[in-house]
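# Results of the structural survey
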Amino acid sequence: MGLFDRKSKNQINDLIERGYRYGSAWFTPLDRWDLRKYSDEYLWLILETIFAGMRNVRFYSDVDDRKLERIVAFLDTNFIPMIWEMWHTGAIVVGIGDKGKPYMVDWSDVRKGRDGRITNYDVVYYSDKYQLERKTDFGIIAEALHAIDVYKNGDIHLTENFGALGILTGKGLPTSPADKDEFNAELKKSYGIEKDKKQILLTTMPLDFKQFTLPVKQLELPEKIEQEVKTLCRYFNVPPDLIIGGSTFDNQAQATVNFYRNCISPLAEIALKVGQYILRKHTRLFVPTDKLTFRIDNVAELEDDRTAEVEYKTKLVDLIAKMRDLELDTTEYEKQLTNILS
């Protein structure tokens, strides 16, 4: 083994080697590769927002046990890879190693039956889309991404040629299909509005050019791109205000609260179900699964929710104490308090 072949131990974050789909997450048919992929930028604006929110999630348990600590550490480390795998393949697949240690499996080892069910692993969570239609999230949004590419490429192309469509006629111009294609290719290559291209065609041939101006503004291509981005935001339960902006401070704050309630918390619940299944099926701990849970840290907009919850608990405790002084039945309120604290 060479000096530079050893795996570095001092990296801030390492590449994920197992249970991860490398390369582009969305399939592009071969006949669409002529489009520039502007949709990547728009999609990653949304995904990075989600990942930033997911990094504020902390899985934890108040039970002191090494096996449970391993599950918590696994969820904390693999939360993003698990959700990415679900979006990409339709399922989260986890293996159980020595001493009950969970790990993300190498997807090339996964085997499926004719019905699409994964047959050689026990810890599997299927997305709703895969359960019902055998579809994946990235597969579903592929057409929306393609639409963004079409609109963006069209907008740039029309900008480059001023939205003009013309007919060039004259004696001496190419007549055969091959010559016409070569002539058009040379025009596209050499002439345009970029600074390294020519704006004037010099020739001794008598030419006549008839221009047709396309209604570029009426096509509303930027508006169509924005609408597709908003649709992608709603698909992932991300408030568009967080991506597109332009809202007031109060609306932005409410959008953040909605983001964690409707996007991040449901994703954390999915990872939590995986951890609770591992706890129930692959450990010998007699620990209720609800002892494994999660919280969201470092989000100022959620502090009001927590303050209200603390105030409610305090009022409930005071009410129970006063009812006991009056020798009233407090069973119902004690159950409420127990449920909140558990």
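As shown above, the structure is provided for reference.
The notes below deal with the structure included here.

Criteria and thresholds
- Residues numbered from 1 in each chain as written.
- Predicted model: local features only at pLDDT ≥ 70, side-chain atom pairs only at ≥ 80, totals over all residues.
- Heavy atoms only, no water.
- Helix = DSSP H or I, 4+ residues; strand = E, 2+ residues; numbered from the N terminus.
- Contact = heavy atoms within 4.5 Å.
- Core = buried A, V, L, I, M, F, W, Y, C linked by side-chain atoms within 4.5 Å.
- Buried < 20%, exposed > 50% of the residue type's maximum accessible area, 1.4 Å probe, protein only.
- Polar contact = N/O pair within 3.5 Å; in protein donor to acceptor, adjacent residues only side chain to side chain.

### Some details on the environment of Thr330
Within the secondary structure layout, Thr330 lies in the loop between α11 (303-325) and α12 (331-341). Between the C-alpha atoms of Thr330 and Ile320, which are 10 residues apart in sequence, the distance is 6.0 Å. When residues no more than four places from it in sequence are discounted, the contact partners of Thr330 are Ile320, Met323 and Arg324.

### What to know about the nonpolar core
As a rule of thumb, soluble globular proteins bury nonpolar side chains together. Ile50, Phe59, Trp87 and Phe236 are the most contacted members of the largest nonpolar core, which totals 59 residues. A per-element tally of this core places helix α10 (residues 249-281) first, with 13 residues. If near-sequence neighbours (up to four positions away) are discounted, Phe236 is found in contact with Leu43, Ile46, Leu47, Ile50, Trp87, Phe138, Ile141 and Cys263. Counting residues in hydrophobic clusters, the runner-up holds nine residues, among them Trp107, Tyr121, Tyr126 and Tyr130.

### Some points on the side chain of Glu85
Structurally, the position occupied by Glu85 is in helix α2 (residues 66-89). For Glu85, a relative accessible area of 2% gives the class buried. Of note is the side chain of Glu85, whose polar atom sits 3.0 Å from the backbone nitrogen of Val93.

Coordinates in, geometry out; function isn't part of it.
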